[in-house]
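Tertiary structure, described
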Amino acid sequence: MDNVEIILKNVARKNIEKVFFNSLVFDIKNIISSHFFDKEKNVDMEYQNVKSLNKYFDTSDAGNLYLKKVIIGTELENVLILIGCDEKYGDITINFEEEQFENFSIQEIKGKLKNLIMFLLNIYRNNEIEEITIGYEPAYDEDRKIIEIRQSKVMIFNEGTFKSPITLILYSISKNIMTQV
């Protein structure tokens, strides 16, 4: 099985903290590991030591968290979150194993993925984000994309290439909401 990636691309850097905290719900106890490097102090840090993501990214350019579980419209397990910023924009990449959906019925998977997509649409609509991409790792590659939310449209990629139940459901949900964006 492959890993699925969700990329929130070109988030206005001034909004990284807002988007991060409005998008990802997790308990500190669910952090398996994290790594942030304070360039100003030249020290490694953990997430718990970062007082403000906006201030952290004033002087540093990356950080990551590995979580036991997180809620992004639906609960996901074993999630790696990478945050990278330059002077103007940041990307938030969320990576998780597709196989975590295997033990659910098709109806449950549809519900979980619909919640995820609708949640991502809401994040897109309410924040300065250039695009949101969902695909197989690395999702930024054209041949690994499944769907993309950009310019107020949901676009489908590689339909017919990916045949897993997850991708087929994502395609179906995307087609149903294309007119709603």
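Report follows, based on the coordinates. (Residues numbered from 1 in each chain as written. Predicted model: local features only at pLDDT ≥ 70, side-chain atom pairs only at ≥ 80, totals over all residues. Heavy atoms only, no water.)

1. Points about the pairing of strand β8 (residues 145–150)
Each regular strand carries side chains that alternate between the two faces of the sheet. Most of β8 sits inside the fold, with five of its six residues counted as buried. When strand β7 (residues 129–136) meets β8, the two strands line up antiparallel, connected through five bridges. Residue pairing in the sheet places Glu131 in a bridge with Arg150 of β8. Looking at chain direction, β8 and strand β9 (residues 153–156) are connected through four bridges and run antiparallel. Looking at the pairing, Ile147 lines up with Ile156 of β9. Taking the residues between adjacent antiparallel strands as the criterion, β8 and β9 are bridged by two residues, where Gln151 takes a positive phi near 50°. (Buried < 20%, exposed > 50% of the residue type's maximum accessible area, 1.4 Å probe, protein only. Helix = DSSP H or I, 4+ residues; strand = E, 2+ residues; numbered from the N terminus. Pairing = 2+ DSSP bridges.)

2. Quick notes on the nonpolar core
Inside soluble globular proteins, nonpolar side chains tend to come together where they are buried. Counting 53 residues, the largest nonpolar core has Leu8, Phe20 and Ile94 as the members making the most contacts within it. Per-element tally for this core: the top contributor is helix α3 (residues 106–125), with eight residues. (Core = buried A, V, L, I, M, F, W, Y, C linked by side-chain atoms within 4.5 Å.)

3. Focus: the sheet that holds strand β2 (residues 31–38)
Neighbouring strands of a sheet are bound in pairs by backbone hydrogen bonds; such pairs are parallel or else antiparallel. The nine strands lie next to each other as β3-β2-β4-β5-β6-β1-β7-β8-β9, forming an open sheet whose pairing is antiparallel. Every other strand in the sheet has two partners, leaving β3 (43–45) and β9 as the edge strands with one partner each. On average, adjacent strands in this sheet sit at an angle of 15° to one another, irrespective of strand direction. Examined bridge by bridge, β2 and β3 share three bridges and lie antiparallel to one another. Pairing of Asp38 across the sheet is with Val43, part of β3. (Axes fitted to C-alpha atoms, helices over the stretch in contact; angles between N-to-C directions.)

4. Some thoughts on the layout of surface pockets
When its volume is computed, the largest pocket comes out at roughly 260 Å³. Around the largest pocket, the lining residues are Asp38, Glu40, Lys41, Val43, Met45, Asn49, Val50, Lys51, Ser52, Lys55, Tyr56 and Thr59. At the level of secondary structure, the elements contributing two or more residues to the lining of the largest pocket comprise β3 and α2 (53–59). If you tally residues by element for the lining of the largest pocket, the top one is α2, at three residues. Looking at the lining of the largest pocket residue by residue, the classes come out as four nonpolar, three polar and five charged. (1 Å grid on protein atoms, 1.4 Å probe; cavity = no way out; pocket = protein on both sides within 12 Å on 5 of 7 lines; lining within 4 Å. Points joined across faces, edges and corners; volume = space filled by probe spheres on them. Nonpolar A, V, L, I, M, F, W, Y, C, P; charged D, E, K, R; others polar.)

5. Quick word on the packing of aromatic side chains
This structure, assessed with the given rule, holds nine aromatic pairs. Ring centres 6.1 Å apart and planes at 80° place the aromatic pair Phe20 and Phe26 in the edge-to-face group. The burial state of Phe20 is the same as that of Phe26; both residues are buried. Considering the side-chain rings of Phe96 and Phe101, the 6.4 Å spacing of their centres and the 70° angle between planes classify their relative orientation as edge-to-face. Accessibility classification places Phe96 together with Phe101 in one group, the buried group. Members of the aromatic cluster, joined through ring pairs, are Phe20, Phe21, Phe26, Phe36, Tyr47, Tyr56 and Phe57. In this structure, Lys112 packs its charged tip against the face of Phe104, placed 4.7 Å from the ring centre. (Phe/Tyr/Trp six-rings, centres within 6.5 Å; stacked < 30°, edge-to-face > 60°. Lys NZ or Arg CZ within 6 Å of the ring centre and 35° of its normal.)

6. Quick word on empty space enclosed by the protein
Applying the stated criterion across every chain yields a total of one cavity of 30 Å³ or more. Looking at the largest cavity, its volume works out to about 30 Å³. Taken together, Val4, Phe96, Phe101, Leu113, Leu116, Ile134, Ile166 and Leu170 form the lining of the largest cavity. A per-class count over the lining of the largest cavity returns eight nonpolar, no polar and no charged.

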